[in-house]
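Given next are the chains, with one letter for each unit.
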Amino acid sequence: MHELIEAEQKRESVLESMQFTLDQEKTRFNHSIGLILENLTIQSNMTWQEFILKQQTVVLTGCSVGSAKVSTGTLRFPDIKTSIGVSDLSSFKSTGKFTCHVPGYYYITVTTMSLKNQPRIEFMRNSTAIHWQYMTSYIKNSIYWIPGAAALALELKMNDTVWINIVYRNNIYQSCLTIFKIN
């Protein structure tokens, strides 16, 4: 009978130990599930915000006004033809620089007409030339009209700034810049 009592006590002790372990595991499991749900909520909110940003349309076309002798530096396009989703249009009109407020991949194209032979333009991003282009020449009535076009696609991050740089003093006529977000 004594052996039976000892076996019963041992069984109860094992059951209590198992219950204690089960309670600990349950607490850890609930805590882990709470953290997973919290992280999932944060990630889904971020994913939702990223999804909305990716769907946002950004389109900008600006052109130069008339013909002007342009010194070296930023080419300006104050005559806005199209603007969708551009939050700092007045800054673009006055500086010629586009600041990205919707990250993504963008297609940028510029067309120019110049009176100078071999004019060179540069695509600038955050003060670094990322592409340059010499314009080809065309002769008509002994006047050199230099038409040109250049384009590129690149990823822009929040607050990246892009613009067109004129390398040499030049007469610029009928030039336009188009920037649009492709995703």
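Residues numbered from 1 in each chain as written. Predicted model: local features only at pLDDT ≥ 70, side-chain atom pairs only at ≥ 80, totals over all residues. Heavy atoms only, no water.

### Topic: the confidence of the model for the chain
This prediction gives the chain a mean pLDDT of 83; 85% of its residues lie at or above 70. Across the chain, the secondary-structure element scoring lowest on mean pLDDT is strand β9 (residues 138–140), at 60, and the one scoring highest is strand β5 (residues 98–99), at 96. (pLDDT = per-residue confidence, 0-100. Helix = DSSP H or I, 4+ residues; strand = E, 2+ residues; numbered from the N terminus.)

### Re the pairing of strand β11 (residues 161–166)
Counting buried residues in β11 gives 6 out of 6 residues, a clear majority hidden from the surface. Two elements, strand β3 (residues 73–74) and β11, share 2 bridges in a ladder whose sense is antiparallel. Residue pairing across strands places Gly73 opposite Ile166, the latter belonging to β11. Relative to β11, β5 runs antiparallel, the two being bridged by 2 bridges. Across the sheet, the residue bridging to Phe98 is Val162, located in β11. (Buried < 20%, exposed > 50% of the residue type's maximum accessible area, 1.4 Å probe, protein only. Pairing = 2+ DSSP bridges.)

### Observations concerning empty space enclosed by the protein
Counted according to the given criterion, the structure contains 2 cavities of 30 Å³ or more. Size it by volume and the second largest cavity reaches roughly 30 Å³. The wall of the second largest cavity is formed by Ile108, Phe123, Val162, Trp163, Ile164, Leu177 and Ile179. Of all the elements in the fold, those that place two or more residues in the lining of the second largest cavity are β11 and β12 (170–181). Here the lining of the second largest cavity is composed, by residue class, of 7 nonpolar, no polar and no charged. (1 Å grid on protein atoms, 1.4 Å probe; cavity = no way out; pocket = protein on both sides within 12 Å on 5 of 7 lines; lining within 4 Å. Points joined across faces, edges and corners; volume = space filled by probe spheres on them. Nonpolar A, V, L, I, M, F, W, Y, C, P; charged D, E, K, R; others polar.)

### With respect to the state of the cysteines
Under the criterion given, the structure shown has 1 disulfide. Between the sulfur atoms of Cys63 and its disulfide partner Cys176 the distance amounts to 2.0 Å. Measuring the twist about the S-S bond at about 105 degrees, one finds the Cys63-Cys176 disulfide to be right-handed. Of the two residues, Cys63 is situated in strand β1 (residues 59–63) and Cys176 in strand β12; the sequence distance between them amounts to 113 residues. (Disulfide = S-S within 2.5 Å.)

### Description of the nonpolar core
The biggest cluster of nonpolar side chains holds 26 residues, and the ones touching the most others in it are Phe98, Tyr106, Ile108, Val110, Ile164 and Leu177. Counting residues per element, the ones that place at least two in this core are β6 (104–114), β7 (120–125), β10 (143–156), β11 and β12. When residues in this core are grouped by element, the largest group, 5 residues, is from β10. Discounting residues that sit within four places of it in the chain, Phe98 has contacts with Val58, Leu60, Val86, Phe92, Tyr106, Leu156, Asp160, Thr161, Val162 and Ile179. (Core = buried A, V, L, I, M, F, W, Y, C linked by side-chain atoms within 4.5 Å. Contact = heavy atoms within 4.5 Å.)

### Here we look at a nonpolar patch on the surface
A surface patch of nonpolar side chains, about 490 Å² in accessible area, is lined by Phe29, Ile33, Ile36, Leu37 and Leu40. For Leu40, the location among the structural elements is in helix α1 (residues 2–55). For Leu40, a relative accessible area of 52% gives the class exposed. (Patch = residues over 30% accessible without salt bridge, like charges linked within 9 Å, V, L, I, M, F, W, Y side chains within 5 Å. Areas by Shrake-Rupley, 256 points an atom, 1.4 Å probe, with all protein chains shown as cover. Salt bridge = Lys/Arg side-chain N within 4 Å of Asp/Glu carboxyl O.)

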